[in-house]
Amino acid sequence: MRIAIIDYGMGNLHSVHKALQNVAPTAKLCLATAAADIRQADRILLPGQGAIAACMRALQDLDLIDALQTAAREKPFLGICIGPQLMMRRSEENGGVDGLGFFEGEVRRFRPDYRDGDAPIKIPHMGWNRIRQSQAHPLWQHIEDNSYFYYVHSYHLSSNPHSIGSTQYGIVFPAAIARDNIAGLQAHPEKSAQAGLQFLANFVNWQP
């Protein structure tokens with residue numbers, strides 16, 4: 001099995017690579033920087049961090065957009081961290097940016113008036129929060145409902161019919177989405193202890 005980790009210069013991929021090595025020791029991992037790397041892979045992992053405009057520009061500069069869109073129709077494809085935000089139709093970040101359009105819906109900023117109990121939330125959302133599994137899905141196999149995952153983000157997905165899990169931080173927002181062979185997890189699975197490693201292992205073994 002060949003897994004392409006999309007390397008477009010947006011974030012340190014060492015921890016993602018190491019986590020995948022842990023759960024898929026026999027897989028061939030490729031840090032993909034070219035469309036050919038994506039076409040030759042059996043599975044695609046789209047990680048990243050930073051502002052969405054810079055992420056989309058980096059993908060465009062490497063001429064990866066068409067290859068990613070083709071892969072999203074054909075292969076198991078997982079976005080993590082900013083990955084699911086890139087998968088949406090549009091984000092309000094950076095004055096409004098079009099995403100890859102794998103899912104309908106928008107990405108919105110956490111508002112300062114959102115509250116956590118009696119206190120306003122801190123932005124960015126940084127730390128451990130539970131995910132409530134709203135739909136049964138192979139990506140949740142062997143992961144207890146309401147398990148903790150680790151987050152670092154200032155923007156969140158809006159409500160989405162393809163949500164398979166939600167987190168509450170000021171508001172309830174989709175933490176994981178999935179449709180056909182594509183999925184996204186807002187949290188950092190590589191930093192989410194055993195639950196995160198299990199999520200990655202489930203992706204490696206996912207047969208959509």
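First things first, this report covers the structure right here in the doc. The model shown is predicted, which means the values in this text are computed figures rather than measured ones. (Residues numbered from 1 in each chain as written. Predicted model: local features only at pLDDT ≥ 70, side-chain atom pairs only at ≥ 80, totals over all residues. Heavy atoms only, no water.)

1. Remarks on helix 3 (residues 52-61)
When we look at burial in helix 3, the residues that qualify are Ile 52, Cys 55, Met 56, Ala 58 and Leu 59. When helix 3 is viewed along its axis, its buried side chains cluster within an angular range of 160° and face the same direction. Residues of helix 3 that are buried in the fold lie against strand 1 (2-6), helix 4 (65-74), helix 5 (83-87), strand 5 (88-91) and strand 6 (97-98). Residue Asp 63 follows helix 3 closely and has a positive phi angle near 60°. (Buried < 20%, exposed > 50% of the residue type's maximum accessible area, 1.4 Å probe, protein only. Helix = DSSP H or I, 4+ residues; strand = E, 2+ residues; numbered from the N terminus. Arc of directions from axis to C-beta. Contact = heavy atoms within 4.5 Å.)

2. Side note on the pairing of strand 3 (residues 43-46)
By the alternation rule, side chains of strand 3 split into Arg 43 and Leu 45 and Ile 44 and Leu 46, which are all buried. In this sheet, strand 3 lies alongside strand 1 in parallel orientation, the contact comprising 3 bridges. Bridge pairing in strand 3 places Ala 4 opposite Ile 44. Relative to strand 4 (residues 77-80), strand 3 runs parallel, the two sharing 3 bridges. Across the sheet, the residue bridging to Leu 45 is Leu 78, located in strand 4. (Pairing = 2+ DSSP bridges.)

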